[in-house]
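Structural description and commentary
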Amino acid sequence: MKNMTRRNLLKMSGASLGIVALGLSPLPSGAKSLGGKSERKLKIVVVGGHPDDPETGCGGTMALLAADGHEVVSAYLTKGEAGIQGKSYAEAAQIRTNEALEACKILNARAAFFSQIDGSSEITHDRYIEVYDFLKKENPDVVFTHWPIDRHRDHRICSILVYDAWLKLNREFDLYYFEVESGGQTQNFPPTNFVDISSVIEKKHAACYSHVSQDMASVYRDYHEAMEKFRGMQANCKYAEAFIKHNHSKLKIV
Ligand SMILES: [Zn+2]
């Protein structure tokens, strides 16, 4: 692990990262807007359990990173097969895949799909390998995934599979956790980092509302809208997303 010298810390939280908001300040006052230009293009991978998780959890941050010239990949553990009442798994998967593709188009992200099934996610030897192989091939600089304390089993499994791959890949990328439907799904989430998403809030909303099959109007109002405002209050801006950075990340981005 690189020495966490003061110089590195400063660079981490400075313009070279481009994503200055993902700097190291553990306090809400550390919130800063994205907007600095990076010295190099970064690969950012977001792994969520279902179509709509990456977008609702960190769609604003994804939009900011993409606008900053970074490559953003939105990966889905399942295609949301169980998520539309009255539709077969195959029909729901098709509808929700299309919604995810539409959301990714808005956020300027590339979509990727694993082969797990919504509501029946597994942790097996082969599933570990599937996520490991994917992340090894993508070779990201930063990965975002679910916080593992979550009432939804798919979210927990997603988080653990990514965490295991991160360990096996020698912590070569920085690992951040996002929150979804806090209280109802994500729980016990003490943020270490905030991102001011005020400038891209409309883009984030458009991406999230692409998931029309998910009754997004009420879900968004009851959870994510409240979350982005509350996190904004904590971070002294209008709208924010909150993250927990794993403190064993290797600080590759300096
Ligand atoms: Zn989900």
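Source: prediction; values computed, not measured. (Residues numbered from 1 in each chain as written. Predicted model: local features only at pLDDT ≥ 70, side-chain atom pairs only at ≥ 80, totals over all residues. Heavy atoms only, no water.)

Attention shifts here to the pairing of strand β4 (residues 110-116). Judged from the five bridges that link them, strand β3 (residues 71-78) and β4 form a sheet pairing that is parallel. Looking at β4, one finds that Val73 is bridged to Arg110. (Pairing = 2+ DSSP bridges. Helix = DSSP H or I, 4+ residues; strand = E, 2+ residues; numbered from the N terminus.)

Attention shifts here to the packing of helix α3 (residues 89-107) against helix α6 (residues 201-208). Contact pair α3 / α6: the axes reach a minimum separation of 8 Å and the direction vectors enclose 165°. Accordingly, the angle class assigned to the pair α3 and α6 is roughly antiparallel. Crossing of α3 over α6 shows right-handed handedness. Seen from α3, the contacting residues are Ala103, Ile106 and Leu107; seen from α6, they are Lys203, Ala206 and Ala207. (Axes fitted to C-alpha atoms, helices over the stretch in contact; angles between N-to-C directions. Parallel < 35°, antiparallel > 145°, perpendicular 65-115°, else oblique. Left-handed = near helix turned anticlockwise from the far one by under 90°. Contact = heavy atoms within 4.5 Å.)

Quick look at the side chain of Thr186 now. Relative to the assigned elements, Thr186 resides in the loop between β6 (174-178) and β7 (193-196). For Thr186, a relative accessible area of 1% gives the class buried. Dropping the residues within four chain positions of it, Thr186 is found in contact with Trp147, Ile149, Asp150, Phe178, Glu179, Val180 and Glu181. (Buried < 20%, exposed > 50% of the residue type's maximum accessible area, 1.4 Å probe, protein only.)

Looking now at the packing of aromatic side chains. On inspection of all chains with the given rule, the structure shows nine aromatic pairs. Note on Phe114 and Phe134: the rings are 4.8 Å apart at their centroids and 70° apart in plane angle, and the pair reads as edge-to-face. A residue pair is termed long-range when its members are at least 10 positions apart, and Phe114 in strand β4 and Phe134 in helix α4 (residues 125-138) qualify at 20 residues. The interplanar angle of 45° and the centroid separation of 5.6 Å between the aromatic rings of Tyr209 and Tyr220 together place this pair among those described as tilted. Highlighted residues: Tyr209 in the loop between α6 and α7 (216-235) and Tyr220 in helix α7, separated in sequence by 11 residues. An aromatic cluster is present here, built from Phe144, Tyr176 and Phe243 joined pairwise through their rings. (Phe/Tyr/Trp six-rings, centres within 6.5 Å; stacked < 30°, edge-to-face > 60°.)

Here we come to the pattern of salt bridges. The tally for this structure, following the rule as stated, stands at 15 salt bridges. Taking the shortest distance from any N to any O, the salt bridge between Lys43 and Glu138 comes out at 2.7 Å. Of this pair, Lys43 sits in strand β2 (residues 43-48) while Glu138 sits in helix α4, placing them 95 residues apart in sequence. For Arg110, the salt bridge identified is with Glu71, shortest N-O distance 3.0 Å. Here the residue Arg110 occupies a position in strand β4, and Glu71 occupies one in strand β3, the gap between them amounting to 39 residues. (Salt bridge = Lys/Arg side-chain N within 4 Å of Asp/Glu carboxyl O.)

Let us look at the environment of Ala206. In this fold, Ala206 is placed in helix α6. Taking the C-alpha atoms as reference points, Ala206 and Gly59, separated by 147 residues in sequence, lie 9.8 Å from one another.

The next subject is helix α5 (residues 153-168). The end-to-end C-alpha distance of α5, which contains 16 residues, comes to 23 Å, matching closely the 22 Å that a straight helix rising 1.5 Å per residue would cover. Of the residues one or two after α5, Asn170 is the one with positive phi, at around 65°. (Expected span 1.5 Å × (residues − 1).)

With that out of the way, let us pick up unusual backbone geometry. Here the phi dihedral of Asp52 falls at roughly 105°; this positive angle occurs in a residue that is not glycine. With respect to the helices, strands and loops of the structure, Asp52 is situated in the loop between β2 and α2 (53-67). Judged by relative accessible area, Asp52 falls into the buried class, the value being 12%.

Evaluated as defined, the whole model comprises one cavity of 30 Å³ or more. Approximately 70 Å³ is the volume found for the largest cavity. In terms of lining residues, the largest cavity is bounded by Thr56, Gly57, Glu179, Lys204, His224, Met227, Glu228, Arg231, Ala240, Glu241 and Ala242. For the lining of the largest cavity, the secondary structure elements donating two or more residues are α2, α7 and β8 (240-245). In terms of residues, the lining of the largest cavity owes the most to one element, α7, which gives four residues. Class assignment for the residues of the lining of the largest cavity results in three nonpolar, three polar and five charged. (1 Å grid on protein atoms, 1.4 Å probe; cavity = no way out; pocket = protein on both sides within 12 Å on 5 of 7 lines; lining within 4 Å. Points joined across faces, edges and corners; volume = space filled by probe spheres on them. Nonpolar A, V, L, I, M, F, W, Y, C, P; charged D, E, K, R; others polar.)

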